[in-house]
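Observations on the model geometry
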Amino acid sequence: MTSPKPLVSHIYTADPSAHVFNNKLYIYPSHDRETTIKFNDNGDQYDMADYHVLSMDAPGGEVTDHGVVLRDSDIPWVSKQLWAPDAATKNGKFYLFFPARDKENLFRIGVAVADKPEGPFVPQDNFIAGSYSIDPAVFVDVDAGNEAYLYMGGIWGGQLQCWVPGEEGREEIDIDGNTKRLVFDSSLSGPQEPSGAGVRALGPRVARLSDDMLSLASSVHEIAILAPETGEPLLADDHERRFFEAAWMHRYQGTYYFSYSTGDTHFLAYATGESPLGPFTYRGRILDPVLGWTTHHSIVEFGGKWFLFYHDCELSKGVDHLRSVKMREIVYDKEGGIHLAE
Ligand code: FUB
């Protein structure tokens, strides 16, 4: 299949989080912009300052840009870098979750509230207490009590590897069920992660959200992604399968699908499990590397079909920080495996 066209070409967009709200498809992307900041492995060149919302009435239909719905200067706790957002609805309100650097340069997750899916969104004064790192994905389990879960995490520029055991830190539950205290170690910033024979990969994080969607209602848990051949957590040196960033959760026929980017190996991969909290077992790849370093996606059912939303840098001819959102249909095989539709 030839590469699809970008959904919009009047602005650069990335990291699409797609949802169906009120029978209409809404896409919450990052808004990429020109910068003189040189490419580095910390992602400083992704220097975004606001969010737009896109919408579509039917798959393949006209795309509406609802304009700027939130900007960095309106968010009291933010210093810079509005990265990949997500959105959710509950109790008649709409919530935009977004990562950004706080005034101490740490990535945190914030939330802003609106009455309509297309905003405008009003930010909370501070980030969500206990949140950290990047790439929030919020899953409201409408088939299981409307419980809402916040997934987050990304290594290298996303700082997940900077949170290490330390007595003064906040409590968190690791994949063995042990409670740990974690503190931020800035010496681990940048393109660093655990490595070495037998060392486990860092897992993404999840916590339940409060009913008003504005705070965490549980401890943060590390999620286990297991290798199917051993049943053990993926190892840090398994770069073609381990979690890097871009968490997404969806449910298909009662199974929970956790999908993500493998970062430096540039795959979109997925793992499945019986609970939104995991553990998940690695299943395979959804998308091979696209043009550009990053790959980031969402998966949603719309009009009886399933779609993958993702980005690449074809429109900017390979400029890594100028990406464009696209969509492709996906199908499931009898075992629940995901494939791109022809
Ligand atoms: O858009 C900035 C960052 O690039 C996102 O947070 C990552 O997922 C990657 O796409």
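For the structure itself, look to the data block above.
Computed from a predicted model, the values in this text were never measured in an experiment.

On to the overall build of the protein chain, then. Across its full length, the protein chain holds zero helices and 24 strands. Taking 342 residues into account, the globule formula puts the C-alpha radius of gyration at 20 Å, and the protein chain, at 18 Å, falls close to it. Along the first, second and third principal axes, the C-alpha atoms of the protein chain reach 50 × 50 × 45 Å. Residues classed as buried in the protein chain amount to 58% of the 342 residues present. Across the protein chain, the fraction of contacts at a sequence separation of at least 24, relative to all contacts at a separation of at least 6, is 52%. Carbon together with sulfur atoms contributes 47% to the accessible area of the protein chain, which is approximately 13,800 Å² in total. Here the protein chain contributes 29 positively and 50 negatively charged side chains, and the mean placements of these two sets differ by 2 Å.

Core analysis: the biggest nonpolar cluster contains 60 residues, and Phe97, Tyr151, Met213, Phe258 and Ile299 have the highest contact counts within it. If one sorts the elements of this core by residue count, strand β11 (residues 147-152) sits on top with five residues. Beyond its immediate chain neighbours, meaning those up to four positions away, tyrosine 151 contacts Asp135, Pro136, Ala137, Phe139, Arg205, Val206, Ile223, Ala247, Met249, Phe258 and Pro276. Formed by 19 residues, the second largest nonpolar core is a distinct cluster that contains Tyr28, Val69, Trp77 and Phe94.

Taken in spatial order, the six strands make up an open sheet running β10-β11-β14-β15-β12-β13, and their pairing is mixed. Only two strands of the sheet have a single neighbouring strand rather than two, namely β10 (137-141) and β13 (179-184). For this sheet, the mean angle separating the axes of adjacent strands, direction not counted, is 45°. Inspection of the sheet shows β11 paired to strand β14 (residues 205-208) by four bridges, in the antiparallel sense.

A word on unusual backbone geometry. The omega angle of the peptide bond from glycine 119 to proline 120 is 5°, so this bond is cis rather than trans. Summarising the element assignment, proline 120 is placed in the loop between β8 (107-114) and β9 (122-123). The peptide bond linking glycine 278 to proline 279 adopts the cis configuration, its omega dihedral lying at 0°. Even without being a glycine, asparagine 22 presents a positive backbone phi close to 50°.

In the region of the ligand, the neighbouring residues are Asp15, Tyr46, Met48, Trp83, Ala84, Ile134, Asp135, Glu245, Thr294, His296, His311 and Arg323. A distance of 2.7 Å separates an oxygen atom of the ligand from a polar atom in the side chain of arginine 323. Among the cavities detected, the one that contains the ligand is the largest cavity. Looking at the shell around the ligand residue by residue, the classes come out as five nonpolar, three polar and four charged.

Each regular strand carries side chains that alternate between the two faces of the sheet. Across two bridges, β14 lies against strand β15 (residues 220-222) in antiparallel orientation. The residue of β15 that forms the bridge with valine 206 is histidine 221.

Turning to the packing of aromatic side chains, a few remarks are in order. This structure, assessed with the given rule, holds 27 aromatic pairs. For the ring pair tyrosine 95 and phenylalanine 97, a centre distance of 6.5 Å and an interplane angle of 35° mean the geometry is tilted. Using a relative accessible area of 0% as the deciding quantity, one classes phenylalanine 97 as buried. Between tyrosine 252 and tyrosine 332, the aromatic rings sit 3.5 Å apart at their centres with planes inclined by 5°, giving stacked as the arrangement. Here tyrosine 252 is found in strand β17 (residues 245-252), whereas its partner tyrosine 332 is found in strand β23 (residues 324-332), with 80 residues between them in sequence. Across the pair, exposure class does not vary: tyrosine 252 and tyrosine 332 are buried alike. The structure contains a cluster of three or more aromatic residues connected by ring pairs, namely Phe21, Tyr26, Tyr28, Phe94 and Phe121. Of note, arginine 241 hangs over the ring of tyrosine 282, and the distance from its end group to the ring centre comes to 5.4 Å.

Let us now look at empty space enclosed by the protein. Taken as a whole and judged by the stated rule, the model has four cavities of 30 Å³ or more. Considered as a void within the structure, the largest cavity measures approximately 270 Å³ in volume. Lining the largest cavity are 24 residues, and of these Gly43, Tyr46, Trp83, Glu245 and Thr294 lie nearest its centre. Grouping the amino acids of the lining of the largest cavity by side-chain chemistry returns 10 nonpolar, nine polar and five charged. The computed volume of the second largest cavity comes to approximately 90 Å³. If you go around the second largest cavity, you meet 13 residues; those closest to its centre are Ala201, Leu202, Gly203, Ile223 and Ile225. Grouping the amino acids of the lining of the second largest cavity by side-chain chemistry returns 10 nonpolar, one polar and two charged.

Definitions and cut-offs
- Residues numbered from 1 in each chain as written.
- Predicted model: local features only at pLDDT ≥ 70, side-chain atom pairs only at ≥ 80, totals over all residues.
- Heavy atoms only, no water.
- Helix = DSSP H or I, 4+ residues; strand = E, 2+ residues; numbered from the N terminus.
- Rg over C-alpha atoms; globule rule 2.2 N^0.38 Å.
- Buried < 20%, exposed > 50% of the residue type's maximum accessible area, 1.4 Å probe, protein only.
- Contact = heavy atoms within 4.5 Å.
- Areas by Shrake-Rupley, 256 points an atom, 1.4 Å probe, with all protein chains shown as cover.
- Lys, Arg positive; Asp, Glu negative; His and termini not counted.
- Charge placed at Lys NZ, Arg CZ, Asp CG, Glu CD.
- Core = buried A, V, L, I, M, F, W, Y, C linked by side-chain atoms within 4.5 Å.
- Pairing = 2+ DSSP bridges.
- Axes fitted to C-alpha atoms, helices over the stretch in contact; angles between N-to-C directions.
- Near = heavy atom within 4 Å.
- Polar contact = N/O pair within 3.5 Å; in protein donor to acceptor, adjacent residues only side chain to side chain.
- 1 Å grid on protein atoms, 1.4 Å probe; cavity = no way out; pocket = protein on both sides within 12 Å on 5 of 7 lines; lining within 4 Å.
- Sits in = over half its atoms within 2 Å of the grid points.
- Nonpolar A, V, L, I, M, F, W, Y, C, P; charged D, E, K, R; others polar.
- Phe/Tyr/Trp six-rings, centres within 6.5 Å; stacked < 30°, edge-to-face > 60°.
- Lys NZ or Arg CZ within 6 Å of the ring centre and 35° of its normal.
- Points joined across faces, edges and corners; volume = space filled by probe spheres on them.

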